[in-house]
Amino acid sequence: MIAKNISIGENGHVYFAGQDTIVLAQEYGTPLYLLDEEMIRSNCRVYKNAFKKHFGEGSCPLYASKANAFKRIFEIMSEEEMGIDVVSSGEIYTALQAGYDLKKAYFHSNNKTDKDISYAMDNNIGYFVADNIEEIKAIEREAEQRGIKQKLLLRLTPGIDPHTYEAVSTGKVDSKFGSAIETGQADEITRYTLNQSHIELAGFHCHVGSQVFAEDVFERAAVIMLKFSAEMKRKYGYITQQLDLGGGYGVRYVDSDPFMDVDKKVSEVAAAITDSCNSLGIEMPEIHMEPGRSIVGAAGMTLYTVGTVKTIPGYKNYVSIDGGMPDNPRYALYKSSYTCLLANKMQEDCDFKCSIVGRCCESGDIIQENVMLPQSVTRGDLVAVCTTGAYNYSMASNYNRIPRPPIVMLCDGRSYVAVRRESMEDLCRNDL
Ligand SMILES: Cc1ncc(COP(=O)(O)O)c(C=O)c1O
Ligand SMILES: N[C@@H](CCCC[NH3+])C(=O)O
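Numbering of residues starts from 1 in every chain and runs along the sequence as written. A letter from A marks each chain and a number from 1 marks each ligand, given out in the order of writing. Totals for whole chains, interfaces and linings use every residue, but because this is a predicted model, local features are given only for residues with pLDDT of at least 70 and side-chain atom pairs only at 80 or more, for both listing and counting. Hydrogens and water molecules were not included; the side-chain quantities draw on all heavy atoms of the structure.

### Description of the UniProt feature "binding site: pyridoxal 5'-phosphate" (unreviewed entry) in the protein
Then, in step 1: UniProt positions are given in the numbering used here, feature names are shortened, and annotations may be inferred rather than shown by experiment. Mapped onto this numbering, the UniProt entry gives "binding site: pyridoxal 5'-phosphate" (unreviewed entry) at G248, E290, P291, G292, R293 and Y391.
Then, in step 2: Labels follow the DSSP assignment, with helices taken as runs of H or I lasting at least four residues and strands as runs of E lasting at least two, numbered in each case from the N terminus. You can see R293 is positioned in helix α10 (residues 293–296).
Then, in step 3: Remark: exposure states derive from per-residue accessible area (1.4 Å probe, protein chains only) relative to the maximum for the residue type, with buried under 20%, exposed over 50%, and partly exposed in between. The exposure class assigned to R293 is buried, which follows from its relative accessible area of 3%.
Then, in step 4: One can find Y391 in the loop between β19 (382–386) and β20 (407–411).
Then, in step 5: Residues count as neighbours in contact if any of their non-hydrogen atoms are within 4.5 Å of one another. Once residues lying within four places of it in the same chain are set aside, the contact partners of Y391 are K66, A67, R293 and R330.

Written as structure tokens, this is what we have:
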């Protein structure tokens, strides 16, 4: 199976996190997001232990909330003592609702509004990650008014191609994110920041992309960032305290995707960092990374009920489900691959090639094409889409006025609702 928390029972049903998906679908209805809490916690621990072992005390992983943000997940991150990366006042608000202490929160975004900046400071955010000079000026202004010194990292683009899909490739010079080392703008904003009285420059950040498997991408990014740090030490006497290498490690959506060994990857990055610091003659800063997908991706599965099954002779077969692009827009946006299973008929051969499509008024409302399901697929069957823990719920919409599914957490053989299913009333709650 694609992930270790998926198995097939003797009854021919898909089991997720040890629980029968047919029973879960009956209990909670479909569409349904499932999240394996134990896997989320265990992924956090793998990162935490690897950071401690390879980077030393002080260095820590920050969960990239954008991958999946709701109250319960921030409680889990708090319990697991993870830092977090947030990108909006909404994510900050949700973290606060969960009682998350924002000291270990890093506030990203390439365009923080004055309101965002003030809201984050009202709530004592630990760090801003400033994208550009305008933002630094806005943060300085707000910090001066409050008479505080705000800790901040600068987001730089190291000019690296991470060999992933274009939409999530963010570390190149031509990017809406960050300030480029190559153009001299990174140097310029560092000098500028060091001259501000209400900002403490804590270090530098970069993020090269997402769903990254390519060898040595993080090592190359780290070396470029450390060379830049050494240059800033030489020019301005500035000693980098923190280096944040962003998120991006990939997960397995299909059998052809490789397995990731996080401990091994982190140890390789640590070795490159140690070598580079030694040859540059600088101290190793605290190292942070911001994993999102690799914490929650494989911990998720979405269940749907099959509706119409349509065969167009000489063309294609379509299997329509009761969800679609509103709960998972990733195929529509990026042509993302997924493993789809007919969860109640796993003992049957899969010889029916079809497209699994949603119920929106939109041809592009597709979950996956060229899927092989059993020939007997029919109304009422259950489709399980694997590896939906990241960038599904967090990217969901109400397109066509379709309510969002609930999130049900699976833990120790029991299940509980963490986010309830949206109701029809919810759909109109802001309508006057
Ligand atoms: C700045 C930043 N940090 C972290 C992440 C999380 O990335 P991933 O979910 O691929 O680990 C992203 C998204 O790509 C990002 O833009
Ligand atoms: N939304 C993207 C990932 C974005 C990463 C954030 N920079 C995806 O679903 O793959």
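Next comes the rest of the description.
### Side note on the site of ligand 1
Then, in step 1: The environment of ligand 1 is formed by 15 residues, the closest being H207, S210, E290, R293 and Y391.
Then, in step 2: Between an oxygen atom of ligand 1 and a main-chain N or O atom of G292, the distance comes to 2.9 Å.
Then, in step 3: In the model, an oxygen atom of ligand 1 is placed 2.8 Å from a nitrogen or oxygen of the R293 main chain.
Then, in step 4: Note on residue categories: nonpolar means Ala, Val, Leu, Ile, Met, Phe, Trp, Tyr, Cys or Pro, charged means Asp, Glu, Lys or Arg, and polar means any other residue, Gly included. Of the residues in the shell around ligand 1, the class split is three nonpolar, seven polar and five charged. If even one non-hydrogen atom of a residue comes within 4 Å of a molecule or strand, that residue is called near it. Under the rule applied, a polar contact is a pair of N or O atoms within 3.5 Å (in protein, one hydrogen donor and one hydrogen acceptor; residues adjacent in sequence only if both atoms are side-chain atoms).

### Structural notes on the side chain of H198
Then, in step 1: Structurally, H198 can be placed in the loop between α7 (185–194) and β11 (199–205).
Then, in step 2: Side chain to side chain, H198 and E140 meet in a polar contact 2.9 Å long.
Then, in step 3: The contact partners of H198, leaving out residues within four places of it in the chain, are E140, A143, E144, I148, K149 and Q150.

### A short note on the packing of aromatic side chains
Then, in step 1: Each pair of aromatic rings taken from Phe, Tyr and Trp, with Trp reduced to its six-membered ring, is defined by centres within 6.5 Å and is described as stacked if the planes are under 30 degrees apart, edge-to-face if over 60, and tilted in the remaining cases. Per the counting criterion, the structure on display carries ten aromatic pairs.
Then, in step 2: Pairing F51 with F55 gives two aromatic rings, centres 4.9 Å apart and planes at 80°, and the pair type is edge-to-face. Residue F51 and its partner F55 are both found in helix α2 (residues 37–55); the two are separated by four residues, about one turn of the helix.
Then, in step 3: On the accessibility criterion, F51 (0% relative accessible area) is buried.
Then, in step 4: Aromatic pair F70 and Y393: ring centres 6.1 Å apart, planes at 90°, arrangement edge-to-face. Of this pair, F70 sits in the loop between β5 (60–64) and α3 (71–79) while Y393 sits in the loop between β19 and β20, placing them 323 residues apart in sequence.
Then, in step 5: Residue F70 is classed as buried on the basis of its relative accessible area of 3%.
Then, in step 6: Among the aromatic residues, ring-to-ring pairing joins Y33, F70 and Y393 into one connected group.

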